[in-house]
Amino acid sequence: MGETNRLVYWIQRLSEIALIGWLGLLFLLDVAVTVSLNSAGAQFLALIPGGYGIYAVLRRRRSRVRPFVITLALSFTATVAIGMTGGGVPGFAETGALLILTIGGLRWIEPIRNAALFSLVSMFVLESAAARIGESEGALAASFLVFIGWSVAAGIGAYLRFQLERRKEAVDSVRRTERLELARELHDLVAHHITGIVVQAQAARVVAEQKPEAVLPALDAIAGAGADALTSMRRLVSVLRAEDEAARSPGTRLSDMRLLVERFSAGGPQVAFDVGQGITDDTLDPEVLTTLHRVLQESLTNVRRHAPGTGWVEADLHLLEGSVRLRVRNYGSASDSRISSLGGGFGLVGMAERVQALGGRLIAGPTPEGAWEVFAELPVKDGRPAS
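Residues numbered from 1 in each chain as written. Predicted model: local features only at pLDDT ≥ 70, side-chain atom pairs only at ≥ 80, totals over all residues. Heavy atoms only, no water.

Re the UniProt feature "transmembrane region" (unreviewed entry) in the protein
Counted only if it meets this: UniProt positions are given in the numbering used here, feature names are shortened, and annotations may be inferred rather than shown by experiment. Numbering goes from the N terminus for both helices and strands, where a helix is a DSSP run of H or I of at least four residues and a strand is a run of E of at least two.
Those residues carrying the UniProt feature "transmembrane region" (unreviewed entry) are residues 7-28, 40-58, 65-85, 91-109, 116-133 and 139-160 in this numbering. Between the end C-alpha atoms of residues 91-109 the distance is 25 Å, and the span holds 89% helix and 0% strand.

Next comes the structure, spelled out in structure tokens:
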């Protein structure tokens, strides 16, 4: 998997170098045209937007709008100046840079109406540059070619924007689904704690009639149960944005995680699941156990879906330095590049949302040993999750 990532990285780097090299060759062509038309007034001004356009393309990933605006302004200013001094020709590097910036602008500029506005301004500036020729037939032909180039660039940018919006909608859908699941679990957690409070309150009333001195410990237990309920609700409600009337499911225990591993191993590949000392159903809150169960389930699902040739899987759950950590690794088969980051697997997006809601973190990626690893860490304090 590491080799695949390096290959993709170098392909991207080489593509960027080739793009800048292509613009550089166009700029040299502009210089040659300027030299050949040394009597054509202000043709040399076309070199300014061309040179800055190359710089703007280099910076397009860091700044989307400002370099684009400056390139448009320089190009239009050069067109006006060249037109006032007798005409010339549009710059090749200038035109190429504006087309590339149009693609990037349509894909990334927010909101989308601003992206569309910049693309239209780009078309106007490009067509104005084509009119530098002055001759009716030559200007018409240049305008037609420029419009074709702009149409192709706009089509590519619009398609990439469409894919980006689809991606955002899919991620939002996963997050909404995860929040609805959290809402169902919130009901179970609150019901669990409130039931305990009611039982202890009834017991305290009976004890008060026989042993009044034993009431204070019972009240302390009731207060502790109430604090636990509030802590659980605060953690889960922090990410809830909707209500759900779906059927409610019970909470998760360590036995459910072991059963999940056994069922997965029955269909292959084998999973070695190690639970460290000090981890029991009583040392972790229900919402933490449920989250760990879901991360384990999603990790194993991704192994079966994206790495079917995996030889074996290692999973371990340990308490360490104030946190509980779940690590899942699969060996013997490279994972699908589509989930090479949290942005690539929609299931992992939902898991990251859930883990972060509890103050933890989720990391997925290749290891130096060539395995694929999902690592989840949730805070704990004195055997209990931190509030």
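Looking at the sheet that holds strand β3 (residues 323-331)
This is how it is decided: Strands are labelled as partners when DSSP assigns at least two bridges between them. Axes here refer to lines fitted to C-alpha atoms; in helices the fit is confined to the stretch in contact. Angles between the N-to-C directions go from 0 to 180 degrees. The contact definition used throughout considers only heavy atoms, calling two residues in contact when any of these lie within 4.5 Å.
Across the sheet, five strands lie side by side as β1-β2-β3-β5-β4; this open sheet has mixed pairing. Strands with a single pairing partner mark the edges of an open sheet, and in this sheet they are β1 (270-275) and β4 (361-366). Ignoring which end each strand starts from, the neighbouring axes of this sheet average 10 degrees apart. Of the pairings in the sheet, the one linking strand β2 (residues 312-320) to β3 comprises nine bridges and is antiparallel in character. By the bridge assignment, Leu-320 is partnered in β3 with Ser-323. Here helix α8 (residues 254-266) sits on the sheet and contacts β1 and β2; the angle it forms with β1, its principal contact strand, is near 160 degrees. Docked against the sheet, helix α9 (residues 286-306) engages β1, β2, β3, β4 and β5 (372-379), running at close to 10 degrees with respect to β3.

Re the pairing of β3
Stated formally: Per-residue accessibility, obtained with a 1.4 Å probe over protein chains only, is compared with the maximum for each type, and a residue is labelled buried under 20%, exposed over 50%, and partly exposed between these values.
The buried count for β3 comes to seven of nine residues, which makes it a mostly enclosed element. Taking the residues between adjacent antiparallel strands as the criterion, β2 and β3 are bridged by two residues, where Glu-321 takes a positive phi near 50 degrees.

Describing empty space enclosed by the protein
Quick reminder of the rule: Definitions used throughout: a 1 Å grid over protein atoms alone; a cavity as a set of points that fits a 1.4 Å probe which cannot get out; a pocket as an open set with protein on both sides within 12 Å along at least five of seven lines; a lining residue as one with an atom within 4 Å of a point. Grid points are joined across faces, edges and corners, and a volume is the space filled by probe spheres set on the points. Gly is placed with the polar residues, together with every amino acid not listed as nonpolar (Ala, Val, Leu, Ile, Met, Phe, Trp, Tyr, Cys and Pro) or charged (Asp, Glu, Lys and Arg).
Counted by the stated rule, this structure contains two cavities of 30 Å³ or more. By volume, the largest cavity is sized at about 60 Å³. Lining the largest cavity, in full, are Arg-60, Ser-63, Arg-64, Phe-68, Ile-100, Leu-101, Gly-104 and Gly-105. The leading source of residues in the lining of the largest cavity is helix α4 (residues 92-108), at four residues. Broken down by class, the residue content of the lining of the largest cavity amounts to three nonpolar, three polar and two charged.

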